[in-house]
Amino acid sequence: DYIIKPFKVVLDAGSGVAGIVAPLLFAVVLAASLDGTYTGTLSCPAFPGQTPLRTQIKVTVTDRTATYELVAPGTATEPDITAYEGGTGTVSPSGDIVLTGGCRGGFSCATEYRGNLSRTPIHLQGSQRWWFRSGDRERPCEGDLTRAKS
């Protein structure tokens, strides 16, 4: 891992190319500074007959590509059943992150979460769509992330 320490960038605008070069330079610097691991808690309301979901989420960003994973523990009535969720996403030069994924471990779900890694606090919002024998259900989810210290 690389640690980017604070630094100053000086751009000579006298030649007129600063308007072209500066946005590209700052986008590269910001994108590189977003690389790292982010952890937090994701919360979703309960489906009928279940408890609300509140679980840890881990997001890893490298070169504007993101991966995420979380474990949804079993319910009070089915404690031995665990769902694993994970996926991938992208990070824009301005820090916007979009994650899409799904479930493993005998469950079917599709997920999407969005946020911005350059803001404080880092807030994710999204949804989970689950397929049950009784039909499919969707619920909103949200959570906050913090960047892990290197």
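Residues numbered from 1 in each chain as written. Predicted model: local features only at pLDDT ≥ 70, side-chain atom pairs only at ≥ 80, totals over all residues. Heavy atoms only, no water.

1. Concerning the nonpolar core
Rules: Take the buried Ala, Val, Leu, Ile, Met, Phe, Trp, Tyr and Cys residues and link them wherever side-chain atoms come within 4.5 Å; each set so joined is a nonpolar core. Accessible area is worked out with a 1.4 Å probe on protein chains only. A residue is then buried under 20% of its type maximum, exposed over 50%, and partly exposed in between. The numbering of helices and of strands both runs from the N terminus, where a helix is a DSSP run of H or I of at least 4 residues and a strand a run of E of at least 2. Only heavy atoms enter the contact rule, under which two residues are in contact if any of them lie within 4.5 Å.
Counting residues in each nonpolar core, the largest one holds 26 residues, and the members touching the most others are Tyr38, Ile57, Val59, Val61, Ile97 and Leu117. Going through the elements one at a time, β1 (36-44), β2 (53-62), β3 (65-72), β4 (83-91), β5 (96-104), β6 (109-116), β7 (122-132) and β8 (135-147) are the ones with two or more residues in this core. Leaving out residues up to four positions away in the same chain, valine 59 has contacts with Gly36, Thr37, Tyr38, Ala66, Thr67, Tyr68, Ile97, Leu99 and Leu145.

2. Re the sheet that holds β6
Heads up, the condition is: For two strands to pair, DSSP has to find at least two bridges joining them. Each axis is a line fitted through C-alpha atoms, taken for helices only over the stretch in contact, and angles between the N-to-C directions span 0 to 180 degrees.
Strand order in the closed barrel formed by 8 strands is β1-β2-β3-β4-β5-β6-β7-β8, with antiparallel pairing between adjacent strands. When the angles between neighbouring strand axes are averaged without regard to direction, this sheet yields 25 degrees. One ladder, built from 6 bridges, connects β2 with β3; its direction is antiparallel. Each bridged residue has a counterpart across the sheet, and for valine 61 the counterpart in β3 is alanine 66.

3. What about the pattern of salt bridges?
A pair can form between side chains of opposite charge whenever their charged atoms are brought close. We count it as follows: Salt bridges are identified by distance alone: a Lys or Arg side-chain nitrogen within 4 Å of an Asp or Glu carboxyl oxygen.
If you walk through the whole model with that rule in mind, you get 3 salt bridges. Put simply, arginine 114 and glutamate 112 hold a salt bridge, and the shortest N to O gap is 3.1 Å. Taking the relative accessible area as the measure of exposure, arginine 114 reaches 45% and is therefore partly exposed. When its relative accessible area of 31% is taken as the criterion, glutamate 112 is described as partly exposed. One salt bridge connects arginine 129 with aspartate 136, and the closest N-O pair in it is separated by 3.0 Å.

4. Considerations on the packing of aromatic side chains
Put simply, the rule is: In this analysis, rings of Phe, Tyr and Trp, with Trp reduced to its six-membered ring, are considered paired at centre separations within 6.5 Å, and the interplanar angle assigns stacked below 30 degrees, edge-to-face beyond 60, and tilted for intermediate values.
Going through the model one piece at a time under the given rule, you end up with 3 aromatic pairs. Centre to centre, the rings of phenylalanine 47 and phenylalanine 132 are 5.4 Å apart; their planes meet at 80 degrees, and the pair counts as edge-to-face. In this pair, phenylalanine 47 is assigned in the loop between β1 and β2 and phenylalanine 132 in strand β7, connecting sequence segments 85 residues apart. Note on phenylalanine 132: relative accessible area 25%, which makes it partly exposed.

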